[in-house]
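Remarks on the overall topology
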Amino acid sequence: MYFLLILFFGSLLGITFMIGRKLVMFPDGQGLHKNATTKDSYLEEWKYIIIKNGKKYGYLGLVASVRAYVHFVSFLKRKYTTVKMKLSQVLDKKFKKGSVQKREVSGFLKMISEYKYKIRKIRHQIKEEEDL
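Bear in mind that the values here come from a model prediction, so they are computed numbers and not experimental data. Position numbers for residues count from 1 along each chain, tracking the sequence in the order it is written. Totals for whole chains, interfaces and linings use every residue, but because this is a predicted model, local features are given only for residues with pLDDT of at least 70 and side-chain atom pairs only at 80 or more, for both listing and counting. Where side-chain values are given, they derive from all heavy atoms of the structure, hydrogens and water being excluded.

**Details of the overall build of the protein**
Think of it this way: any DSSP run of H or I at least four residues long counts as a helix, any run of E at least two long counts as a strand, and we number them from the N terminus. Across its full length, the protein holds three helices and two strands. Residue burial is assigned from relative accessible area. The probe radius is 1.4 Å, only protein chains are included, and a residue is buried under 20% of its type maximum, exposed over 50%, and partly exposed in between. Per-residue burial over the protein gives 0% buried out of 132 residues. Here the protein has roughly 13,900 Å² of accessible surface; of this, 66% comes from carbon and sulfur atoms. Areas reported as accessible are Shrake-Rupley estimates using a 1.4 Å probe. Residue values count occlusion only from the protein chains shown.

What follows is the structure in structure tokens.
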């Protein structure tokens, strides 16, 4: 809170200082701009140089930021794929999805399935004899 108040009053003082430098107060209270008709040539030159360099360095900064963004996004994509692969490998090892072990069927279930097969075979034979 105090920081914002300090910034506000500092900027207010700066603005009043800049305006105060431009105005010259006469004894009768009228204000006129100082150097209203003449301008210093070196200020114009500085202004031209600042604008020219500002555009140039602004463009370079924009290009650099876009390049950095593209490189950062591609870096994140590469890291994402490597982490994804490593994670899937770890999960496969932990839960053994990749290698399914063959379990032996219990003897009782094996015997039941053999009996079902034999009964089915006998049924088909009986149907074939009836059809003839």
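**Looking at helix α2 (residues 41-95)**
Given 3.6 residues per helical turn, the α-helix brings residues three or four places apart onto the same face. For α2, built from 55 residues, the straight-helix expectation of 81 Å at 1.5 Å per residue is met to within 8% by its first-to-last C-alpha distance of 79 Å. Phi for Lys96, located one or two positions after α2, is positive at around 50°. Given the number of residues in a helix, its expected span is that number minus one, multiplied by 1.5 Å.

**With respect to the packing of aromatic side chains**
For any pair of aromatic rings, geometry is given as the distance between the ring centres together with the angle between the planes. Pairing of aromatic rings covers Phe, Tyr and Trp, the last through its six-membered ring, and needs centres within 6.5 Å; plane angles under 30 degrees mean stacked, over 60 mean edge-to-face, and all others mean tilted. For the structure shown, the criterion picks out one aromatic pair. Ring geometry for Phe8 against Phe9: centres 5.2 Å apart, planes inclined by 70°, an arrangement best described as edge-to-face. Using a relative accessible area of 45% as the deciding quantity, one classes Phe9 as partly exposed.

**Considerations on the confidence of the model for the protein**
Every residue gets a pLDDT, meaning the predictor's confidence in that residue, from 0 to 100. In the predicted model, the protein carries a mean pLDDT of 81, and the fraction of residues at 70 or more is 80%. Looking across the protein, the model is least confident in strand β2 (residues 31-33), with a mean pLDDT of 51, and most confident in helix α3 (residues 107-131), with 90.

**Concerning a nonpolar patch on the surface**
Taken together, Met1, Tyr2, Leu5, Ile6, Phe8, Phe9 and Leu12 make up a surface patch of nonpolar side chains, about 840 Å² in accessible area. Within the fold, Leu5 resides in helix α1 (residues 2-22). Here Leu5 falls in the partly exposed class, since its relative accessible area comes to 38%. Patch membership requires more than 30% relative accessible area and the absence of a salt bridge. Residues of like charge join within 9 Å; the nonpolar side chains Val, Leu, Ile, Met, Phe, Trp and Tyr join within 5 Å. One speaks of a salt bridge when a side-chain nitrogen belonging to Lys or Arg is within 4 Å of a carboxyl oxygen belonging to Asp or Glu.

**Comments concerning a negative patch on the surface**
Positive charges come from Lys and Arg alone, negative charges from Asp and Glu alone, with His and the N- and C-terminal ends not counted. Working definition for charges: the position is that of NZ of Lys, CZ of Arg, CG of Asp or CD of Glu. Taken together, the side chains of Glu128, Glu129, Glu130 and Asp131 make up a negatively charged region of the molecular surface. Within the fold, Asp131 resides in helix α3. Asp131 sits in the exposed class, given a relative accessible area of 70%.

**Notes on a positive patch on the surface**
The grouping of Lys116, Arg120, Arg123 and Lys127 at the surface amounts to a positive patch. Inspection of the secondary structure assignment puts Lys116 in helix α3.

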